[in-house]
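# Close look at the chain arrangement
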Amino acid sequence: MDDEGESIHVKVGTIIVATGYDNFDPEPLGLYGYGRYDDVITAMEFERLINASGPTGGKVVRPSDCKYPKHITFIQCVGSRDLGINPYCSSYCCMYALKNAQLIREKYPDAHVCILYMDIRSPYRGYEEFYRRARELGITFIRGKPGDVEKNEKGNLVVRVEDTLRGKMLNLETELLVLSIGAVPSRGTKEMSSALKIPLAPDGFFAEVHPKLKPVDTTVDGIFICGVAQGPKEIPYSISQASAAAARAARFLISGKAKTEAITSFVSSDFCIRCGICIDTCPYQAIRMVDGKIEIMEALCKGCGTCVASCNSGALEQRHFLFSQASEQIKNVFGYV
Ligand SMILES: Cc1cc2nc3c(=O)[nH]c(=O)nc-3n(C[C@H](O)[C@H](O)[C@H](O)COP(=O)(O)OP(=O)(O)OC[C@H]3O[C@@H](n4cnc5c(N)ncnc54)[C@H](O)[C@@H]3O)c2cc1C
Ligand code: SF4
Ligand code: SF4
Ligand code: SF4
């Protein structure tokens, strides 16, 4: 425990980024009274409560008075599917809420469990059946996005929500409120993206090269991504991706070498005015400025030609597509350049 952190240098052949996610924190926005009322907890905190090795030995009690709550409500999509916060679906919170709701009903058959949802997402094998089982166990589902949460004179929480299927405003009294928080990119994701030169998708998680054909590859050969680092997903799909990434990485390790593109670009320093425009335009982050000079990292260059088109000084060219060669081709076809 007293050990100091240290930097170590390791020579590696490939890298698999599997840095997962952080839980969305509802406290700064004060969502649904989290941070204001003790009995509003996150799903992660609930998992600790119901876990036999947790602080209560698996007994579900509400934090304010350590009493067993007979009425427990879950709110879905907290920090997800909200254009003002995170627009994406965190994909696993519907299923973990169904799991926890069923665990409560099995452990405390007299408990009333209610799930407030916008949509229940239960794709993949067995998941829809799991959802149906939750309904059969008597769990109440109310479709609506809650507004305010207040505490009443009995010390219980009151959730104001419109039941959109019945078109009715409800004031739900509950003793414990569990927020089904979504995923956010893990701390350090941006720093790792710039250190490894692998891009992020608009949602802030690491971007794959191709969603169908190369789902665990990045734009840098030899660097792979898997699990929630690539985007929210459950354990089985994180494991599938991890296996795929390991297999992709093994190809490089076994061959012991990587192929570079033949058509890489190069710079003529005589013409370069060091404006740095090409650095920002390269989609593969293959260009850098070293000691005031532009340098193309050939191992990263994919020969896309974007930098060549962006250089107003004509300082960049691509091998096998030199200006002189292109001019000759045009001359052959049109008779002039
Ligand atoms: C409350 C809750 C309940 C859930 N229940 C279920 C469930 O029942 N079933 C299910 O399938 N899924 C469930 N999930 C989803 C599940 O947690 C994820 O699918 C799974 O954890 C993804 O695994 P991962 O390895 O990609 O990421 P993670 O589990 O987040 O692992 C990433 C690891 O990388 C480490 N790390 C991060 N950054 C660095 C760094 N810079 N350097 C070194 N290490 C780093 C982290 O510390 C962590 O150990 C639940 C999620 C939540 C929030
Ligand atoms: S998985 Fe369910 S709870 Fe989670 S963001 Fe998607 S719809 Fe909302
Ligand atoms: S865009 Fe052209 S001139 Fe500007 S730094 Fe890059 S190579 Fe040099
Ligand atoms: S050719 Fe494409 S990948 Fe190569 S340095 Fe230029 S912009 Fe980057």
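Keep in mind it's a predicted model, so treat the numbers as computed, not measured. (Residues numbered from 1 in each chain as written. Chains lettered and ligands numbered in written order. Predicted model: local features only at pLDDT ≥ 70, side-chain atom pairs only at ≥ 80, totals over all residues. Heavy atoms only, no water.)

Further remarks concern the overall build of the protein. Counting its regular elements, the protein contains eight helices and 16 strands. In terms of overall size, the protein is more extended than a compact globule, its C-alpha atoms giving a radius of gyration of 27 Å where 337 residues would be expected to give roughly 20 Å. In terms of overall dimensions, the protein has C-alpha extents of about 85 × 50 × 40 Å along its principal axes. Looking at the protein residue by residue over its 337 residues, the buried ones come to 41%. In the protein, the proportion of contacts linking residues at least 24 apart, taken out of those at least 6 apart, comes to 61%. As displayed, the protein offers around 19,100 Å² of accessible surface, 54% of which is attributable to carbon and sulfur atoms. Positive and negative side-chain charges in the protein, numbering 39 and 40 respectively, have mean positions lying 5 Å apart. (Helix = DSSP H or I, 4+ residues; strand = E, 2+ residues; numbered from the N terminus. Rg over C-alpha atoms; globule rule 2.2 N^0.38 Å. Buried < 20%, exposed > 50% of the residue type's maximum accessible area, 1.4 Å probe, protein only. Contact = heavy atoms within 4.5 Å. Areas by Shrake-Rupley, 256 points an atom, 1.4 Å probe, with all protein chains shown as cover. Lys, Arg positive; Asp, Glu negative; His and termini not counted. Charge placed at Lys NZ, Arg CZ, Asp CG, Glu CD.)

In terms of nonpolar packing, the biggest core is built from 55 residues, with F46, F74, I104, I115, F141, L177 and L179 touching the most fellow members. Looking at this core element by element, the count peaks at eight residues for helix α2 (residues 93–107). With residues up to four places along the chain from it excluded, the contact list for L177 reads Y32, D39, V40, I41, T73, I75, V149, L157 and V159. Of all hydrophobic cores here, the second largest spans 22 residues; its members include C278, C282, C307 and V308. (Core = buried A, V, L, I, M, F, W, Y, C linked by side-chain atoms within 4.5 Å.)

This next bit is on the pattern of salt bridges. Evaluated as defined, the whole model comprises 14 salt bridges. Residue D65 is joined to R62 by a salt bridge in which the shortest nitrogen-to-oxygen separation is 3.1 Å. When the shortest N-O distance is used, the salt bridge between D82 and K145 registers 3.8 Å. Placement of D82 in the loop between β4 (71–78) and α2 and of K145 in the loop between β6 (140–143) and β7 (149–151) is noted, with a sequence separation of 63 residues between them. One salt-bridge network, held together by shared partners, links D39, R62 and D65. (Salt bridge = Lys/Arg side-chain N within 4 Å of Asp/Glu carboxyl O.)

What follows concerns the site of ligand 1. As a structural note, the neighbourhood of ligand 1 is formed by 19 residues, with Y21, K99, V228, K233 and I235 the closest of them. A distance of 2.7 Å separates an oxygen atom of ligand 1 from a polar atom in the side chain of K99. Backbone polar atom of V228 to an oxygen atom of ligand 1: 2.9 Å apart, as the coordinates give it. Summarising the interface, the protein chains cover 60% of the accessible area of ligand 1, which totals 1,000 Å² for the free molecule. Of all the secondary-structure elements, those providing two or more residues to the shell around ligand 1 are β2 (21–23), α1 (43–50), α2 and α5 (235–255). The residue inventory of the shell around ligand 1, partitioned by class, reads 10 nonpolar, five polar and four charged. (Near = heavy atom within 4 Å. Polar contact = N/O pair within 3.5 Å; in protein donor to acceptor, adjacent residues only side chain to side chain. Nonpolar A, V, L, I, M, F, W, Y, C, P; charged D, E, K, R; others polar.)

Turning to the sheet that holds β7, a few remarks are in order. Strand order in the open sheet formed by three strands is β7-β8-β9, and the pairing between neighbours is antiparallel. Because the sheet does not close on itself, it has two edges, and the strands there are β7 and β9 (168–174). Shown here is a sheet whose adjacent strand axes are inclined to one another by a mean of 30°, direction ignored. Sheet topology note: the strand β8 (residues 157–163)/β9 ladder contains seven bridges and is antiparallel. Among the inter-strand pairings, E162 is bridged to a residue of β9, identified as M169. (Pairing = 2+ DSSP bridges. Axes fitted to C-alpha atoms, helices over the stretch in contact; angles between N-to-C directions.)

With that settled, consider unusual backbone geometry. Look at C77: it is not a glycine, yet its phi comes out positive at around 60°. With respect to the secondary-structure elements, C77 resides in strand β4. Judged by its relative accessible area of 8%, C77 is buried.

Attention now goes to helix α8 (residues 323–334). Over its 12 residues, α8 extends 16 Å from the first C-alpha to the last, a length consistent with the 16 Å expected when each residue adds 1.5 Å. One or two steps after α8, the chain reaches G335, where phi turns positive at roughly 85°. (Expected span 1.5 Å × (residues − 1).)

Geometric descriptors of this kind do not, in isolation, establish any biological role.
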